[in-house]
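What the coordinates show
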Amino acid sequence: MTHRERILRVMRGERVDVIPFVPRLDLWWIANALRGTLPERFREKKPDEIAKEMGWACYHMVPDFTNMMRGPEDILHRALGLYNFKQSVYTSRFSSQVEIQVEDRDGRQVIEYHTPVGSVRTAGGLTEAMQRAGASLGWTQEHAIKVPQDYKVVGYLFENLEVFPNYEGARAYQEDVGDCGVVAVGGASLAASPMHHIQKEFLDPTQFFYAYKDHYPLMVELAEKVGVYFEKALRVIEDGPGDVVLWGGNYDDMLTYPPYFEKEILPWLQKVSERLSGKGKILATHTDGENQGLMDLIRECGAQVAESVTPFPMTRVTIGEYYARWSDRMTIMGGIPECLLLEETGSEEDLDAYLDDLFRSVAPGDRLILGIADSTPPNAVFDRLIRIGDRIAEEGRLPLEGGGARPLSGEEMARAAARVSSTAPAEETLAGVREALLGGDGEALARRVEELISRGVPAKEILERGMLRTMEEIGEGFKTGEVFIPEVLLSARAMNQALLVLEPHLAGGKREAGRKVLIGTVSGDLHDIGKNMVVIMLRGVGFEIRDAGINVTTEEFVREVREYQPEILGMSALLTTTMPEMRKVIAALEEAGLREGVKVLVGGAPVNQRFAAEIGADAYAPDAGAAVETAKRLLGGG
């Protein structure tokens, strides 16, 4: 049986002889090839050649971004979520009524789209430095939608997109991969639905949630126009070559929170599933992210493959829980966390213990394709990949015996999907403050604050007992999964509106200075939503924050610490390759004589307590809710 046959049979729910192992080496290969750090035996080999030599299966997604681009033109419209690779099943073209102007500025591309209904602009790019750090997709520095008028322009672009089959290029790529593995044909975009596409591509991640509340009718109208493009692409995809279609992904129960997922994403996944099944194709969806609150919804989405499943310790859901919840409906693909391949975040003993538990927890082992979730990281210890492959070959013969999985309880699922409570606090006077803050209603909160001030309620009492205490409750709810990111963002915005009313009445005419925190994402890393959440949560409970932004160099961190003199320095990293920058910053602070005066708090998806201790950080926080608690503890307040 070939690797391709084995993978396809598992995806269709059939039992095979052994669990397939698909490590996905592309990202690891391109980063190490650029650095000149590929293992000597593989210096002249491509990723698929390495996999074949090791006896591992191959799996490719279209688009892949690591080895498909003919040139910058293939990702020219990346900021709109549009790609034109020669391997894709379809290609797209803008209407002749659209004029496109491209200008290169300091390594980034500024693109203006001029239409009969107006113009929009995007900016971004992909540098070699970013690729060395493990980035495979260009950075969007300037999003298309900035003001309400932009919705109509972007809608025109998508409603009038032309979509053409590219079956010859897709077949050639699938034939090139051949029997060594499977190619998953890409969907209309990296998003699962038109609204999800708006969320992922057109606005800053934080601003999306404000706009979703403030401009929902405009968003619905835009989603309908993006849906015209989605439908055109789906028609081409369903009649094209390929057994597997990868549609949508990167779900997270805080970002694509349960009510949003059910309303804006689930219907499109179910529609695509029905259409593809009628053509005999397999639907896969990319579930990389925190899925605890989405377990039932993803189970019902119609996909036959949950691809890139990322379990505990990188998320809250164990591999056994995934298997127990999903394996009767979907094939689970992935399942081995990236952090276990890195010396900084896991030992060989940790990896073996994980594999011991995995083989016990996924019995009988059907509907399982093991791989590194999301993909093999650039700094992976290659010998650990060999260890995983050897153990699967030895212990992955089917059916497996054992069984240690514990499914999520109904109570846990309900808690993860629950909304914020609107129960009033015991202090009746401040009940309106709490209610407006929980609801994210800034205007109502400001009115309530003005009313209380006019009644003689002390400003400090309104701030501390009404607003700060409520924000602490919201932070705790966020930590436990009872509050979602949009609710935190809207509550924080409401609080900022109310502070404009409150601050003139505080002692000295302004709010009392809080404890000072400097925070930033380390050099080489362009991710910011996690950092932004920590900023919002800390600011909401009274910390004074200076946000250094993203891609902050060691020198910039040292300069900011010297000038701002924070009590806490917070550093974030999402890419495994940027984690070592945290060690460099700590060493530079020591060299500059600044380390003793500041506590260092680190976080980010690949970071854990082991890594924090190894680099000499004072603490680690797994999420924004925990960051508040940890910051208070570091300063003796909790």
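In every chain, residue numbers begin from 1 and rise along the written sequence. Owing to the predicted nature of the model, reporting of local features is limited to residues with pLDDT of at least 70; listing and counting of side-chain atom pairs is limited to 80 or more, with chain, interface and lining totals taken over all residues. With hydrogens and water set aside, each side-chain value is computed from the structure's full complement of heavy atoms.

1. Observations concerning the overall build of the protein
Using the following cut-off: Every helix listed is a DSSP run of H or I at least four residues long, and every strand listed is a run of E at least two residues long, numbered separately from the N terminus. Computed with the Shrake-Rupley method and a 1.4 Å probe, the accessible areas treat only the protein chains shown as cover for residues. By the counting scheme adopted, Arg and Lys are positive, Glu and Asp are negative, and His together with the chain ends is not counted. Charged groups are reduced to one reference atom each: NZ for lysine, CZ for arginine, CG for aspartic acid, CD for glutamic acid.
Regarding its fold elements, the protein presents 24 helices and 18 strands. Summed over all atoms, the accessible surface of the protein reaches about 25,400 Å², with 46% contributed by carbon and sulfur. With 71 positive and 98 negative side-chain charges, the protein shows a separation of 1 Å between the mean positions of the two kinds.

2. Some points on the pairing of strand E1 (residues 58-61)
Under the convention used in this document: The buried label applies to any residue whose accessible area, calculated with a 1.4 Å probe on protein chains only, is under 20% of its type's maximum; exposed applies above 50%, and partly exposed to all values in between. Strand pairing follows a simple DSSP-based rule, namely that at least 2 bridges must link the two strands.
Side-chain alternation along E1 places Cys 58 and His 60 on one buried face and Tyr 59 and Met 61 on a second face that is also buried. The sheet contact formed by E1 and strand E8 (residues 181-186) spans four bridges and is parallel. Considered in E8, the bridge of Cys 58 is made with Gly 181.

3. Re the pattern of salt bridges
Which entries qualify depends on this criterion: Every case where a carboxyl oxygen of Asp or Glu lies within 4 Å of a side-chain nitrogen of Lys or Arg is listed as a salt bridge.
One pass over the full model with this rule turns up 41 salt bridges. In this structure, Glu 142 and Lys 146 form a salt bridge, with 3.3 Å as the shortest nitrogen-oxygen distance. Residue classification places Glu 142 among the buried positions, given a relative accessible area of 16%. Judged by relative accessible area, which is 45%, Lys 146 ranks as partly exposed.

4. Some words on unusual backbone geometry
Following Ala 363, the chain continues to Pro 364 via a peptide bond in cis, the omega torsion being 5 degrees. Positionally, Pro 364 belongs in the loop between helix H13 (348-361) and strand E13 (368-373). Here Ala 373 and Asp 374 are connected by a cis peptide whose omega angle stands at 5 degrees. Mapped onto the elements of the fold, Asp 374 is located in the loop between E13 and helix H14 (382-395). With a phi close to 55 degrees, Arg 24 is a non-glycine residue in the positive phi region. With respect to the helices and strands, the residue Arg 24 is situated in the loop between helix H1 (3-11) and helix H2 (26-35). A residue is classified by how much of its surface remains accessible, and Arg 24, at 15% relative accessible area, is buried. At Asn 250, a residue that is not glycine, the phi angle is positive and equals roughly 60 degrees. Examined against the element boundaries, Asn 250 turns out to sit in the loop between strand E9 (244-249) and helix H10 (258-277). Judged by its relative accessible area of 37%, Asn 250 is partly exposed.

5. Brief notes about the sheet that holds strand E15 (residues 544-552)
Spatially, the five strands line up as an open sheet ordered E15-E14-E16-E17-E18, and their pairing is parallel. If you trace the sheet from one side to the other, it starts and ends with E15 and strand E18 (619-620), each paired once. Sheet topology places strand E16 (residues 568-572) next to strand E17 (residues 599-603); five bridges connect them, and they run parallel. Considered in E17, the bridge of Leu 569 is made with Val 600.

6. Describing helix H16 (residues 431-438)
To keep it simple, the criterion reads: Contact between two residues is taken to exist if any of their heavy atoms lie within 4.5 Å; hydrogens are not considered.
The element H16 is extensively covered by neighbouring structure, given that six of its eight residues are classed as buried. Residues Ala 431, Val 433, Arg 434, Ala 436, Leu 437 and Leu 438 constitute the buried set of H16. On its buried face, H16 is in contact with helix H17 (442-454), helix H18 (459-480) and helix H19 (485-502). Downstream of H16 by one or two residues, Gly 440 has phi in the positive range, about 70 degrees.

7. Let's talk about the confidence of the model for the protein
For clarity, the cut-off: Summary of the metric used: pLDDT quantifies the predictor's per-residue confidence within the range 0 to 100.
On average, residues of the protein score 88 in pLDDT, and 90% of them are at 70 or above. Here residues 412-426 is a poorly scored stretch, pLDDT under 50, and it has 37 contacts once near neighbours within four places are set aside; other chains count.

8. As for the sheet that holds strand E3 (residues 99-105)
In plain terms, the rule: Note on definitions: angles span 0 to 180 degrees between N-to-C directions of axes, and those axes are lines fitted to C-alpha atoms, for helices only across the stretch in contact.
Here four strands make up an open sheet; going across it, the order is E3-E4-E5-E6 and the pairing antiparallel. Lying at the two open borders of the sheet, with one neighbouring strand each, are E3 and strand E6 (139-142). Direction aside, the axes of adjacent strands within the sheet are offset by 25 degrees on average. As paired strands, strand E5 (residues 118-125) and E6 are joined by three bridges and run antiparallel to one another. Across the sheet, Ala 123 pairs through a bridge with Glu 142, a residue of E6.

9. Some words on the packing of H19 against helix H20 (residues 529-540)
Just so we agree on the cut-off: Oblique is the label for every angle not falling under 35 degrees (roughly parallel), over 145 degrees (roughly antiparallel), or within 65 to 115 degrees (roughly perpendicular). The crossing is said to be left-handed when, going from far helix to near helix, the turn is anticlockwise and less than a right angle, and right-handed when the turn is clockwise. Amino acids are sorted into nonpolar (Ala, Val, Leu, Ile, Met, Phe, Trp, Tyr, Cys and Pro), charged (Asp, Glu, Lys and Arg) and polar (every other residue, Gly among them).
Put simply, H19 and H20 touch, their axes get as near as 10 Å, and they point 45 degrees apart. Classified by the angle between their axes, H19 and H20 sit oblique to one another. As for the relative orientation of H19 and H20, their crossing is left-handed in sense. Contacts from Ile 485, Val 488, Leu 489, Ala 492 and Met 495 in H19 reach Met 533, Ile 536, Met 537 and Gly 540 in H20. Of the residues contributing to the contact of H19 with H20, the split by class is eight nonpolar, one polar and no charged.

10. What about H1?
Listing the buried residues of H1 in full gives Arg 6, Ile 7, Leu 8, Val 10 and Met 11. Backbone geometry just downstream of H1 places Gly 13 in the positive-phi region, at approximately 90 degrees.

11. Overview of the nonpolar core
The condition is simple: Nonpolar core, defined: a set of buried Ala, Val, Leu, Ile, Met, Phe, Trp, Tyr and Cys residues in which side-chain atoms within 4.5 Å join the residues together.
The biggest cluster of nonpolar side chains holds 186 residues, and the ones touching the most others in it are Met 11, Phe 158, Phe 202, Trp 247, Ile 462 and Met 467. In terms of residue count, H19 provides more of this core than any other element does, 11 residues in total. Each residue touching Phe 202, except ones within four places of it in the same chain, is listed here: Leu 80, His 143, Ala 144, Ile 145, Val 154, Phe 158, His 197, Leu 222 and Val 226. Among the nonpolar cores identified, the runner-up in size contains 27 residues, and Met 571, Met 579, Met 582 and Ala 617 belong to it.

12. Points about a negative patch on the surface
Our working rule: Each patch is built from residues that are more than 30% exposed by relative accessible area and take part in no salt bridge. Like charges join if they lie within 9 Å; nonpolar side chains (Val, Leu, Ile, Met, Phe, Trp, Tyr) join within 5 Å.
On the surface, a cluster of negative charge is contributed by Glu 343, Glu 348, Glu 349 and Asp 383. Structurally, Asp 383 can be placed in helix H14.

13. Description of the packing of aromatic side chains
Counted only if it meets this: Stacked, edge-to-face and tilted labels apply to pairs of Phe, Tyr and Trp rings (six-membered ring for Trp) whose centres lie within 6.5 Å, assigned for plane angles under 30 degrees, over 60, and everything in between, in that order. Criterion for a charge above a ring: Arg CZ or Lys NZ at most 6 Å from the ring centre, at most 35 degrees from the ring normal.
For the structure shown, the criterion picks out 22 aromatic pairs. Judged by centre distance (5.3 Å) and plane angle (65 degrees), the ring pair of Phe 158 and Phe 202 falls under edge-to-face. Of this pair, Phe 158 sits in helix H5 (residues 150-159) while Phe 202 sits in helix H7 (residues 194-202), placing them 44 residues apart in sequence. Of the residues examined, Phe 202 reaches a relative accessible area of 0% and is grouped as buried. Through a chain of ring-to-ring contacts, the aromatic side chains of Phe 208, Phe 209, Tyr 212, Tyr 216, Tyr 257, Tyr 260 and Phe 484 assemble into a single cluster. When the ring centre of Phe 543 is taken as origin, the NZ or CZ atom of Arg 515, which lies over that ring, is 4.2 Å away.

14. Some words on the side chain of Ser 95
Relative to the assigned elements, Ser 95 resides in the loop between strand E2 (90-93) and E3. Owing to a relative accessible area of 12%, Ser 95 belongs among the buried residues under this scheme. Filtering out sequence-adjacent residues up to four positions away, Ser 95 remains in contact with Tyr 156, Asn 160 and Glu 162.

15. Side note on the environment of Gln 292
Rules: Identification of polar contacts relies on pairs of N or O atoms within 3.5 Å, with a donor-acceptor requirement for protein atoms, meaning one able to donate a hydrogen and the other able to accept it, and with residues adjacent in sequence counted only if both atoms are side-chain atoms.
Note on placement: Gln 292 falls in the loop between strand E10 (282-286) and helix H11 (295-299). Note on Gln 292: relative accessible area 12%, which makes it buried. With 25 residues separating them in the primary sequence, Gln 292 and Val 317 have C-alpha atoms 6.0 Å apart. There is a polar contact of 2.8 Å between the side chain of Gln 292 and the side chain of Arg 316.

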